[in-house]
Amino acid sequence: MAGSTASSVRSKVKAKGVQDSGRTNSPSEDVANLHQLEAQHGILGIVLLLFCGTVSSYLCTYLPEALTAADLDRHPTAFIAERAWDNLQVLNDFGPKPTGSRANELGAADYIRREIEKAKATAHAAQLVETAHQTISGAYPIAFLGNPLTSVYRNAQNLVVRLAGRSEDGERAALMLNCHYDTVASSPGASDDGGSCAVMLEILRVLSRAPERNRHSIVFLFNGAEETPLQAAHGFVSQHRWAGEVRAFLNLESAGSGGKEQLFQAGPQHPWLIEAYGRAVRHPAAQTVSEEIFQSGIIPSDTDFRIFRDFGHVPGMDFAHTINGYRYHTRFDTIDYLTLPVLQRTGDNILALTRELANGEELGRVGSDPNLAEGYSVFFDVLGLFFVSYSASMGRIVNVLLAVLSLAVPLMELCRQVRRVGERSVLSQTLVGLLGTVCGTAASVGVVLLVANRLDAVGRAMSWFSTPYLILGLYGCPVILMHCFAHRLCSHWFSDNKSPLNLTQTVRARLIGVNLFWTLLIIPLTLANIRSAYIIAVIVLLSLHSTILTSVLGYQGQPRRWLALHLAFQIPTLLWATKFYHLLVKLFVPITGRMGAGTNPEYLIALLVACFGLLCVSYLVPLVGLLKGTSELTARMTVFAMIAFLLGCCTQVGFPYRDESNGEPSVQRHYVTHTLQVAHRDGAVVSEGAGFLFREMDRNAVRVIRGVAKPAEAVPMRQMETCRTMLFCGVPFYSIWHQIRFNNYWMEGPSPAIEKHTLPTFELVRVHQNSSSVRQYSFEIVHRHQTCVQSALIIAPKPGVQLVDWSLMDTVPGTIKFNGERAHFVLITYGLADDAPWTVTFAFEYDPEHLPDGAGAKLFDVSWVNTYWEHGDKHTDEFRKLIDQFPEWAHVIPSVAVVNITAH
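Every residue gets a number counted from 1 within its own chain, in the order that chain's sequence is written. Where local features are concerned, this predicted model is filtered to residues with pLDDT of at least 70; where side-chain atom pairs are given and counted, the filter is 80 or more; whole-chain, interface and lining totals use all residues. Side-chain descriptors were evaluated using all non-hydrogen atoms of the structure, hydrogens and water having been removed beforehand.

Trainee: What is the right way to look at the packing of helix α4 (residues 81-93) against helix α5 (residues 102-121) in this model?
Mentor: What describes two packed helices is the angle between their axes and the distance between those same axes. Axis definition: a line fit to C-alpha positions, over the contact stretch in the case of helices; interaxial angles, taken between N-to-C directions, run 0 to 180 degrees. Each helix is a run of H or I in the DSSP string that is no shorter than four residues. Each strand is a run of E no shorter than two, and both are numbered from the N terminus. Where α4 contacts α5, the two axes come as close as 10 Å, and the packing angle between them is 160 degrees. With respect to α5, the element α4 is oriented roughly antiparallel. The hand of the α4/α5 crossing is right-handed. Along the contact surface, α4 presents Asp86, Asn87, Val90 and Leu91, while α5 presents Ala108, Tyr111, Ile112 and Glu115. Should an angle fall under 35 degrees it is called roughly parallel, over 145 degrees roughly antiparallel, and 65 to 115 degrees roughly perpendicular, with every other angle called oblique. Working rule for handedness: look at the near helix, and if it is turned counterclockwise from the far one by less than a right angle, call the crossing left-handed; if clockwise, right-handed. Any pair of residues with heavy atoms lying within 4.5 Å of one another is described as a contacting pair.

Structure, rendered in structure tokens:
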């Protein structure tokens, strides 16, 4: 009763103040217009949020119907998914196809070559189809995580097709499409990247049967060594005769298994590519934020885009499927988890884009017109329905203009309504809205980080891995609660019973404070050239439109209609914001299963929810000021959060991993290498050891590793005994990412079974003293057997010695650091086997006066590592038993390695 009386008195006071200031609405309306809503109406905001989230989730995964062979008569020039599916089925049935394996070098390569010849045989008489089978060897410098690597490839394969254009007589300009048919070990690679190659084969069929040539040539590159990494692409751009014609490229990749192909990076610069995408593509899926996230290095992947950009100096577009990243690089990346509509959508888009680019004038001008190469773009699709793009310079103007208008227009409109009497109150309530948003943001970030820390501390990290809906309860509910509490507290602390503003006007002033918050964020982001500020700009634009329409319709003095209009504009806002939530959750949740254990993945997910939760609720939470009470809303949100905690921490729902029994496998990844370590000195073996090396791929992996190792002990890699006696601990190095960034564990064990005649050899054949301070060493490398094996050279010069020249390439990159030692790291991949020896030379410079042993001094240590990836039939019984101990929900990538360390 007391609270009701006070509310009535306050309304009358406000009504009198507004009347005195010349307002048109009557005092009786202010008293009886239900400014305050019943508490249960607060739940409607949550329902609206969930509804919009469901709609945006559907739109994010919607795919068009697929065309089959029966549709060919009605659509003779269309992409037919069923034909591509037939190609994919064959590639899938080869199983894993790592570079060097018989399945890749002989099986998949021969099949694709036959399909190319079929397309050539059935081409229209007007078309000229040229083919080339490229076998290449080469080397190039590249860096991962700031660590330099020399990437060497021997006899890798490329299958190349050129569909000649009409402009053959003038300057030759070509568009290139690229896919890779090799896979990682233990994965059939139906999505990564067999599906893309199947799509390209179908596009080749469609275009080669057209009665008229395209304006420009089209090069189709089917490369056989991408996972190695990125080597066959370098062989093409550096050595193939058609590479010089390429003016732009489309790279087809996958980091998931199905869904939409996302355009996740383009250029660099060359805005005409984005404009062509906007004109051509029927089903857009492209976001600038994806480009900036990928190029930040936070995602543990890379693509051939990098090679074409850095070594070919060619602009292009990078596409990838990102849904269901759980199956990426696992045994579950099979055709069983793909659908025809996935191929149809990708084929429709890439075929349309290929036609647009190959028949546009830009491709012929880009080599001579520097204006085409200048400028970055801001681009995005709106719920997959249509595509928007504009220049980054225009984006800066738009962002600043929207930021200013989002403050000026509502302030002017509200101040005009209350005139001089209430202007000061409008400004003060605007600051209250700003403070509530800032405090809510800070509190929500703090709370979710605390929750993330505690979940990890009690051993429940990644409970949402297989059940992402738990994220809404674990982190989403606390975010909303903190924003509600912050706005309620700020309203209580800064309430003014003498304010001339009525309740609706107070809430509208606080919504202007939300605009001020976004303005204070969008302007610095814009000045920092962060193009992803467009996400905020769209939300501010919708708020501005709501304000303008309120003024045009005259809803300022009609609280119910104003509220209905405000909520109506929240529907597109929520659809927009939840789209990014789904996009990034579907991307990052599976990635946490392969980002190592060094960082708590709960922090990543918590911050993601805090950021996009703010986007979703920033214009809803101030409306709690209209509620008579928030206890019911907060109580229900608390209950939802508690249910999520109980499910995540106390039930099987919160167990992170799933096997294939439910049709949706989400496995834990494990790399296990059965290793033989041998140290040589002056031709004799001085020490030898063996065991198993485990890679810790996610936050929970170490518990499984230690359980599998029992009763033996899994020792952290940097605590191995060999770290004191062998170069780089005697670890079988093959990846900077896995060996340097991830934690690894070692368990002593028996020696692996090795057929020594299949090992690539590295033998010293000659030492030549070039001068008094330079000594050259010549080695022969031989790889005679067709088997999937990668070699690594770790060359560590002694103190005072420097590697100054070698025959691998013109430059000698810097060293990497591991276990306190520095060495040059060379990764060697073999495609087709070759009996001919390959001679490599290394020249070392030193000061002879400082060598302890004079002319006979050892100048460097070298570790020669060979890792077999497809070696299952040669695993020892002990290795098989170890692998069998892993649970069904684990995906194990076994390998066998031999490490030979010698001083020269």
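Trainee: Even after reading the chapter, I still don't get the state of the cysteines, so can you show me in this structure?
Mentor: As used here, a disulfide is simply a covalent bond connecting the sulfur atoms of two cysteines. Counting rule for disulfides: a pair of cysteine sulfur atoms within 2.5 Å. Applying the stated criterion to the full structure yields 2 disulfides. Residue pairing for Cys179: its cysteine sulfur links by disulfide to Cys197, the two sulfurs lying 2.3 Å apart. Residues Cys179 and Cys197 share a disulfide whose torsion about the S-S bond is about 110 degrees; that sign makes it right-handed. Linking Cys179 in strand β3 (residues 174-180) with Cys197 in helix α6 (residues 190-208), this pair joins segments that are 18 residues apart in sequence. Each residue gets one of three labels from its accessible area relative to the maximum for its type: buried under 20%, exposed over 50%, partly exposed in between, using a 1.4 Å probe on protein chains only. Relative accessible area serves as the criterion here: at 0%, Cys179 is assigned to the buried category. Here Cys723 pairs with Cys729 through a disulfide, and the sulfurs are 2.1 Å apart. Measuring the twist about the S-S bond at about 105 degrees, one finds the Cys723-Cys729 disulfide to be right-handed. Each member of the pair Cys723 and Cys729 is classed as buried. Looking at the chain, its bonded cysteines, counted consecutively from the start of the sequence, adopt the pairing 1-2, 3-4. Here Cys788 is not disulfide-linked; the sulfur of Cys197 is the nearest cysteine sulfur, at 17 Å.

Trainee: How do you make sense of the nonpolar core when you look at a structure like this?
Mentor: One broad rule of soluble globular proteins: the nonpolar side chains tend to lie buried together. Buried residues of nine kinds, namely Ala, Val, Leu, Ile, Met, Phe, Trp, Tyr and Cys, make up a nonpolar core once their side-chain atoms join them within 4.5 Å. Ranked by size, the top nonpolar core spans 105 residues in total, and within it Trp464, Ile471, Tyr475, Trp518 and Trp576 carry the most contacts. For this core, the leading source of residues is helix α17 (residues 559-591), giving 17 residues. Residue ranges assigned to the domains are those given by an automatic or database domain assignment. Shared between two domains, this core takes at least three residues from each, and those domains are domain 1 (76-138 + 156-384) and domain 2 (393-654). Residue contacts for Trp518: discarding those within four places in its chain leaves Ile536, Val540, Leu614, Leu615, Ser618 and Tyr619. Listed in part, the 61 residues of the second largest apolar core include Leu263, Trp272, Phe319 and Val366.

Trainee: Even after reading the chapter, I still don't get helix α18 (residues 601-617), so can you show me in this structure?
Mentor: Think of an α-helix as turning once every 3.6 residues; residues three or four places apart then point the same way. Between the first and last C-alpha of α18 there are 24 Å, a value that for 17 residues agrees with the 24 Å anticipated at 1.5 Å per step. Of all the 17 residues making up α18, 13 are buried; the element is thus mostly covered by neighbouring parts of the structure. Residues adjacent in sequence count toward polar contacts only when both atoms are side-chain atoms; beyond that, a polar contact is any pair of N or O atoms within 3.5 Å, and within protein one must be able to donate a hydrogen and the other to accept it. You can read the cap of α18 off the contacts: a side-chain oxygen lies 3.0 Å from the backbone nitrogen of Glu602, and it is on Asn600. A helix's residues, less one, multiplied by 1.5 Å, set its expected span.

Trainee: Looking at this model, I keep getting lost on empty space enclosed by the protein. Mind explaining?
Mentor: Where empty space is left becomes clear once a probe the size of a water molecule has been rolled over the atoms. Grid spacing is 1 Å over the protein atoms alone, the probe is 1.4 Å, and a cavity is where that probe fits but cannot get out, while a pocket is an open set with protein on both sides within 12 Å along at least five of seven lines and lining residues have an atom within 4 Å of a point. Grid points are joined across faces, edges and corners, and a volume is the space filled by probe spheres set on the points. Applying the stated criterion across every chain, the model contains 11 cavities of 30 Å³ or more. In this structure, the largest cavity occupies an estimated 210 Å³ of space. Lining the largest cavity are 19 residues, with Leu511, Ser543, Thr547, Trp562 and His566 sitting closest to its centre. For the lining of the largest cavity, the secondary structure elements donating two or more residues are α13 (392-457), α15 (503-527), α16 (534-553) and α17. The element that contributes the greatest number of residues to the lining of the largest cavity is α16, accounting for 6 residues. Following the grouping adopted for this structure description, the nonpolar residues are Ala, Val, Leu, Ile, Met, Phe, Trp, Tyr, Cys and Pro, the charged ones are Asp, Glu, Lys and Arg, and the polar ones are all others, Gly among them. Broken down by class, the residue content of the lining of the largest cavity amounts to 9 nonpolar, 8 polar and 2 charged. Looking at the second largest cavity, its volume works out to about 100 Å³. Every residue along the wall of the second largest cavity is listed here: Leu59, Cys60, Lys260, Gln262, Ala285, Thr322, Ile323, Asp381, Lys579, His582, Leu583 and Lys586.

Trainee: What exactly am I supposed to notice about a nonpolar patch on the surface here?
Mentor: There is a patch of nonpolar side chains on the surface, built from Leu435, Phe485, Leu489, Trp493 and Phe494 and spanning about 490 Å² of accessible area. A per-element tally of the nonpolar patch places helix α14 (residues 470-493) first, with 3 residues. Tracing the backbone through its elements, the reader meets Trp493 in helix α14. Taking relative accessible area as the criterion, Trp493 reaches 56% and is therefore assigned exposed. Only residues whose relative accessible area exceeds 30% and that form no salt bridge enter a patch; like-charged residues are grouped when within 9 Å of one another, and nonpolar side chains (Val, Leu, Ile, Met, Phe, Trp, Tyr) when within 5 Å. Note that accessible areas follow from Shrake-Rupley with a 1.4 Å probe, and for residues the cover is restricted to the protein chains shown. Between Lys or Arg on one side and Asp or Glu on the other, a salt bridge is scored when a side-chain nitrogen of the former is within 4 Å of a carboxyl oxygen of the latter.

Trainee: Is there a simple way to think about the pattern of salt bridges in this case?
Mentor: Pairing of side chains with opposite charge becomes possible as their charged atoms draw close. Throughout the structure, instances matching the rule amount to 33 salt bridges. In this structure, Glu202 engages Arg83 in a salt bridge whose closest nitrogen and oxygen atoms are separated by 2.6 Å. Pair noted here: Glu202 is in helix α6 and Arg83 is in helix α4, with a separation of 119 residues, a long-range link. Relative accessible area serves as the criterion here: at 17%, Arg83 is assigned to the buried category. In this structure, the salt-bridge partner of Glu361 is Arg365, at a minimum N-O distance of 3.2 Å.

Trainee: Would you mind showing me how to read helix α11 (residues 340-358) here?
Mentor: Given a rise of 1.5 Å per residue, 19 residues ought to cover 27 Å, and the 26 Å separating the end C-alpha atoms of α11 matches this to within 8%. The buried fraction of α11 amounts to 14 of the 19 residues, a majority that puts the element mostly inside the structure.

Trainee: Quick question: what am I supposed to make of the UniProt feature "domain: Endoplasmic reticulum metallopeptidase 1/1-A TM" (unreviewed entry) in the chain here?
Mentor: Mapped onto this structure's residue numbering, the UniProt feature "domain: Endoplasmic reticulum metallopeptidase 1/1-A TM" (unreviewed entry) falls at residues 432-649. For residues 432-649, the end-to-end C-alpha separation is 38 Å, with 75% helix and 0% strand making up the annotated structure. UniProt positions are given in the numbering used here, feature names are shortened, and annotations may be inferred rather than shown by experiment.

Trainee: How should I be thinking about the domain arrangement of the chain in this particular structure?
Mentor: When the parts come together, some accessible area is lost, and that loss is often what is quoted as the size of the interface. As assigned here, the chain comprises domain 1 (76-138 + 156-384), domain 2 (393-654) and domain 3 (761-863). Computed over C-alpha atoms only, the centres of domain 1 and domain 2 are separated by 40 Å. Facing 26 residues of domain 1, the contacting portion of domain 2 comprises 24 residues. Across the domain 1 to domain 2 interface the summed buried area is about 2100 Å²; carbon plus sulfur atoms make up 67%. If you sort the residues of domain 1 by the area they bury against domain 2, Glu292, Tyr326 and Leu383 come out on top, with a joint share of 27%. Seen at the junction of domain 1 and domain 2, the total is 3 salt bridges. Buried area is understood as the total, over both parts, of accessible area removed when two parts are fitted together, assessed with a 1.4 Å probe.

Trainee: Whenever I open this one, the layout of surface pockets confuses me. Can you help?
Mentor: Estimated volume of the second largest pocket: approximately 1200 Å³. In terms of lining residues, the second largest pocket is bounded by 44 residues, among which Pro468, Tyr469, Leu472, Tyr581 and His582 are the most central. Elements with a contribution of two residues or more to the lining of the second largest pocket: α3 (41-61), α14, α17, α18 and α19 (631-650). It is α14 that contributes the most residues to the lining of the second largest pocket, 8 residues altogether. Here the lining of the second largest pocket is composed, by residue class, of 26 nonpolar, 14 polar and 4 charged. Structurally, the lining of the second largest pocket is a two-domain feature, drawing no fewer than three residues from each of domain 1 (76-138 + 156-384) and domain 2 (393-654).

Trainee: Just checking my understanding: could you explain the UniProt feature "transmembrane region" (unreviewed entry) in the chain for this structure?
Mentor: Listed under "transmembrane region" (unreviewed entry) in the UniProt record, and renumbered for this structure, are residues 382-409, 430-452, 464-486, 507-527, 533-555, 562-583, 603-627 and 639-657. Secondary structure across residues 533-555 comprises 87% helix and 0% strand; the distance between its end C-alpha atoms is 31 Å.

Trainee: It is not clear to me how the packing of α14 against α18 should be interpreted in this structure. Could you clarify?
Mentor: Remark: α14 packs on α18, axes separated minimally by 9 Å, with the N-to-C direction vectors making an angle of 50 degrees. The orientation of α14 with respect to α18, classified from their angle, is oblique. Taken as a pair, α14 and α18 cross one another with a handedness that is right-handed. Taken together, the residues of α18 that come into contact with α14 (itself represented by Ile471, Tyr475, Gly476, Val479, Ile480 and His483) are Glu602, Ile605, Ala606, Val609, Ala610, Gly613, Leu614 and Val617. Of the residues contributing to the contact of α14 with α18, the split by class is 10 nonpolar, 3 polar and 1 charged.

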